[in-house]
Amino acid sequence: MPTIPAVRAQKSLGLVSGSPEYPAVPGFESPDVAARTYVYSADGRLYAYALPTVYAPHTPIVILQSLTPIPSRVRIFQAESAQLLQELALPNIIELDFSPRGTYLSTWERHAKLEDGAQHKNLRVFSVSTGDELISFTQKAQEGWQIQYTISESHAIRLVSSEVQVFRPAEWSKGIVDKLKVEGATSVALSPGLNPSVAVFVAEKKGAPASIRVYGLLTLAGAPTCQKTFFKADRAQIKWNTLGTQVLLLTQTEVDNSNKSYYGETGLYLLSAAGNFDCRVTLDKEGPIHDFAWSPNSKEFGVVYGYMPAKTMLFDQRVRSLHDFGPGPHNFISFNPHGRLILIAGFGNLAGKLSLYDRRTLTKVTSLEAPNTSLCEWSPDGRYIMTATLSPRLRVDNGIKIWHCSGRLVHVQLTEELYQASWRPASVDSVPAFPPQMPPAPTPSGAVLAYEAAQTKKSSAAGTIGGSTPGGGGSAGEKKVGAYRPPGARGLATPAIFKREDEGGLPTPSGSHSNPGSGANTPTRYRGGTPVPGAPGYGANGREGQRRHVPGAPPSSNNGNGNGNGGQQHQQNGEGKKKRKVKKDAGAGAGNEDEDPPVNSRKAGKKNANSNLNANSNAGAPSGSGGGGGSGNATPVVGDPAVAASASSSASPFPIVEDASAPGVQDGLDAVAKKVRNLNKKLKAIDELKEKQKRGERLEATQLRKIEGEAEIKKELAGLQG
């Protein structure tokens, strides 16, 4: 059976054949209106979709009276040949579901109040072969609306309030044949396998603990075969293994009482249907449980858990750890249908990096990147992975990508506003067994070549604007794109100090209790000599008492001449008088250099600042010895040696740091030394890019051009040093 994906978009619905070119399935006609949903049967034999009610005009001029309603309908097809089997005229169908063998089709529509006051039977079951309605129910909630069947379709169950109702599909007309009353039951799961069991979850309520109970389907009246109680469980997710012998239960609370997570606390429990084993899965890293999955062999399972970077662990059926895949930005795990390959990935708000591992050797096979992925599924033959970007989560770049298990992209199909995508199901027995060695990848389709060419063209256009230099450094018009980098790291490869530990960054310092990536390795922020507002030293004796330095201006003279004092007196008088007297007082202050500051100055700190500046302007006078009650603790100006020397006895808590950008600091280097220093910086950046390339990370076009220009930079450097 070929691997066939199906897609549903706003304006189209289609079935796609397999490699190498993935054409549309011959004979399948896409409906002329947008479908609401589609579904395959579990064996992949049948395919059905639901169409909404539409209004079509029957006159050339479209007016309200001329619109003819075309009722909504459900169509059932033979998936292999796309032959239409049944067409059911059903209104407002939202959900569809086949029984395991495709004998019955269940439909669900939104619940509504009928005019006659009767109950609205919005959940219906139809016979696929005849199209007849067999039974109907009232099901208000869309969540958990499906009827659960055994694999042989001998029994079917559904949860109504706190009651588990059992039916015999061959005798729907007889109604309920058995039932189980469990007070407070919120979810139920029927196991696969030949001896089916029923797992019932009861949420925590009013101080009473939550619980899970496992019953034999044929012995519901008896005691549960296994049960466990626990706290911190408002809702749960139940997953049975393939054989139906064990069940995993993921519990979650609405609120995290420890205030460490927005999404509540999580817990994982393992129970055996026979009742001979149950325990809590103990995890060695703090944080939420992101995902868990059973292996198809039913003997082991994988868990992704912990704060980012999350940890991925493989356990056996007795919760003994088998392998640690290490930390990484992951929140998804999946086994291929044969259990040979393990896929670990990070989707949602993560970057979309996928890693494939061989279960036999527990080594990484390959890794690939699929950003903005909303859906990820293995093909039934276990050789391909489908990733899809769906609406409404993301309305741009919608489409599907099909990857070979070797990491090669083999098909791309971009579709505007894609809502649904899936593989055509098939049993493991009907597909070829997975080979001992990794199978070779097929030739990519023509769509992949066109897609890669478009991406290369887009990357080149976005990477360089205005040309670049031969050395790869780029010209003044070059615009670099990518993730945000702090100013100190721009133009270079990402320093190890800014990376997470799992990406090659510095390890967490010994003795530190902080999590990796928590910022424990972040360098201390530079603080200049000027305190920020609100910090000690800012205010009357701090910021306002220091001399202003304009970058690029020559150093001010401290010889106590009249011009400097008169200018300061001018500023003092200008702030001490009212608006109408500003010009007058300013002129007087400039003309009389020995005039004292006005008595009615608005701020006493101005006097202290003026006294300090007068004291600094007198030759040989110590700091703070001037009159006016100056305190002498003005914050020294960064990079000003005269002011820094005069404030040697300052009580300011901020260190005196010379600003490298101040005039005179770099004047000691000639042009040749500056050129050599810049070339060495470029070579260091190229070395970091090479290390990044060796680790298998993808580089941008501008970064590759920098590496190509290494020889020219070395040649130029040798000429300068020789």
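Remember, predicted model here, so these are calculated numbers, not experimental data. (Residues numbered from 1 in each chain as written. Predicted model: local features only at pLDDT ≥ 70, side-chain atom pairs only at ≥ 80, totals over all residues. Heavy atoms only, no water.)

(A) Up close: the pattern of salt bridges. Tallied over the full model, the rule gives 22 salt bridges. Here glutamate 80 ties to arginine 424 by a salt bridge, and the two come within 2.8 Å at their closest N and O atoms. One end of the pair, glutamate 80, is in the loop between β7 (73–78) and β8 (83–88); the other, arginine 424, is in the loop between β37 (418–423) and α1 (446–463), and 344 residues separate them in sequence. Relative accessible area serves as the criterion here: at 4%, arginine 424 is assigned to the buried category. Across the pair arginine 395 and glutamate 417 runs a salt bridge whose closest N-O atoms are separated by 3.6 Å. With arginine 395 in the loop between β34 (384–389) and β35 (399–404) and glutamate 417 in the loop between β36 (409–414) and β37, this residue pair connects regions lying 22 residues apart in the sequence. Residue arginine 395 is classed as exposed on the basis of its relative accessible area, which comes to 51%. (Salt bridge = Lys/Arg side-chain N within 4 Å of Asp/Glu carboxyl O. Helix = DSSP H or I, 4+ residues; strand = E, 2+ residues; numbered from the N terminus. Buried < 20%, exposed > 50% of the residue type's maximum accessible area, 1.4 Å probe, protein only.)

(B) Geometry of the environment of leucine 105. Positionally, leucine 105 belongs in strand β10 (residues 104–109). Ignoring any residue separated from it by four or fewer positions in sequence, one finds leucine 105 in contact with Val74, Ile76, Leu96, Asp97, Phe98, Arg124, Val125, Phe126 and Val128. (Contact = heavy atoms within 4.5 Å.)

(C) Expanded view of the packing of aromatic side chains. Throughout the structure, instances matching the rule amount to 18 aromatic pairs. Pairing tyrosine 38 with tyrosine 40 gives two aromatic rings, centres 6.4 Å apart and planes at 90°, and the pair type is edge-to-face. An identical accessibility class is assigned to tyrosine 38 and tyrosine 40; each is buried. By the ring-pair criterion, three or more aromatic residues cluster together here, those being Phe28, Tyr38, Tyr40, Tyr47, Tyr49 and Phe77. If you follow arginine 318 out to its NZ or CZ, it ends over the ring of phenylalanine 277, 4.6 Å from the centre. (Phe/Tyr/Trp six-rings, centres within 6.5 Å; stacked < 30°, edge-to-face > 60°. Lys NZ or Arg CZ within 6 Å of the ring centre and 35° of its normal.)

(D) A look at the layout of surface pockets. Quantified by volume, the second largest pocket comes out at close to 1900 Å³. If you trace the second largest pocket, you find 45 residues lining it, with Ala42, Pro192, Thr242, Pro425 and Ala426 closest to the centre. Elements that contribute at least two residues to the lining of the second largest pocket include exactly β9 (93–98), β13 (148–149), β17 (185–190), β21 (235–240), β25 (289–294), β29 (332–335) and β33 (375–378). Here the lining of the second largest pocket is composed, by residue class, of 27 nonpolar, 13 polar and 5 charged. (1 Å grid on protein atoms, 1.4 Å probe; cavity = no way out; pocket = protein on both sides within 12 Å on 5 of 7 lines; lining within 4 Å. Points joined across faces, edges and corners; volume = space filled by probe spheres on them. Nonpolar A, V, L, I, M, F, W, Y, C, P; charged D, E, K, R; others polar.)

(E) Highlighting helix α7 (residues 701–708). Within the span of α7, buried status applies to Thr702, Gln703, Lys706 and Ile707. Down the axis of α7, the buried set is contained in an arc of 145°. They therefore lie on one face. (Arc of directions from axis to C-beta.)

(F) Spotlight on the pairing of strand β26 (residues 300–305). Across the 6 residues that make up β26, a large majority, 6, are buried. Side chains Glu300, Gly302 and Val304 project from β26 onto one buried face, and the interleaved Phe301, Val303 and Tyr305 project onto a second face that is buried too. Note: β25 against β26, 5 bridges, orientation antiparallel. Note that in β26 the partner of alanine 293 across the bridge is glycine 302. In textbook terms, the turn of a hairpin is the stretch between consecutive antiparallel strands, and for β25 and β26 this stretch comprises 5 residues, one of which, serine 298, has a positive phi near 65°. Both β26 and strand β27 (residues 310–316) contribute to a ladder of 6 bridges, which runs antiparallel. Directly across from phenylalanine 301, in β27, lies its bridge partner phenylalanine 315. (Pairing = 2+ DSSP bridges.)

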